[in-house]
Amino acid sequence: QVQLVESGGGLVQPGGSLRLSCAASGFIFSDFSMSWYRQAPGKGRELVATITSVGENTNYGDSVKGRFTISRDNPKRTLYLQMNSLKPEDTAMYYCNTRIGNYVRWNWGQGTQVTVSS
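Residues numbered from 1 in each chain as written. Predicted model: local features only at pLDDT ≥ 70, side-chain atom pairs only at ≥ 80, totals over all residues. Heavy atoms only, no water.

**Q** Honestly, the pattern of salt bridges in this entry has me stumped. Any pointers?
**A** One pass over the full model with this rule turns up four salt bridges. Its salt-bridge partner being R67, residue D90 comes within 2.7 Å of it at the nearest N-O pair. Pair noted here: D90 is in the loop between β8 (78-83) and β9 (92-97) and R67 is in the loop between β6 (58-60) and β7 (68-73), with a separation of 23 residues, a long-range link. Of the two residues examined, D90 and R67, each falls in the buried class. Salt bridges sharing partners connect three or more residues here, namely R38, E46, R67 and D90. (Salt bridge = Lys/Arg side-chain N within 4 Å of Asp/Glu carboxyl O. Helix = DSSP H or I, 4+ residues; strand = E, 2+ residues; numbered from the N terminus. Buried < 20%, exposed > 50% of the residue type's maximum accessible area, 1.4 Å probe, protein only.)

**Q** Looking at this structure, how should I read the pairing of strand β4 (residues 34-39)?
**A** On a regular strand, one side chain projects to one face of the sheet and the next to the other, so that they alternate. Across the six residues that make up β4, a large majority, five, are buried. Looking at chain direction, β4 and strand β5 (residues 45-51) are connected through six bridges and run antiparallel. Of the residues in β5, the one forming a bridge with M34 is I51. In sequence, β4 turns back onto β5 through a hairpin of five residues, with G42 there showing a positive phi of about 75°. As paired strands, β4 and β9 are joined by five bridges and run antiparallel to one another. Directly across from Q39, in β9, lies its bridge partner M93. (Pairing = 2+ DSSP bridges.)

So, in C-alpha cells, the structure goes:
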C-alpha cells in the first residue's frame, strides 16, 4: 500500500525558512520522479517543484524559483523541500506525489501546513 507522509510544516515569519520532508513507502521510490504541490485556501493545487528519479534534474514553478530547493534521498525513500525567503503567499498545505501530466500517480497524503505570517 502506497503511503506518502509529509512533515516539517509550521508557522514562520516572512523571510524565514522551513524544510519539508515526504516519507514514501509501498513503491520503488528510486524509480519515480517526485514533485511537491501546494494548495492555498480557496485555490487549486499548484505544482511547486519536480525532481527526477535519481535527482539529476529539477524544475521549479516561477513563484518559487531561486527560493526553494527540491532534493531526495533514495536510500531513505524521502523527498525534501528546502524553503527560504518565505513570503505570506507561500502559505498553503504542501503535498508530495508523482506527477503524470495533469494528474498524479498516488493517493494524496495528509499534507503539511505552512503558514507565513508576522
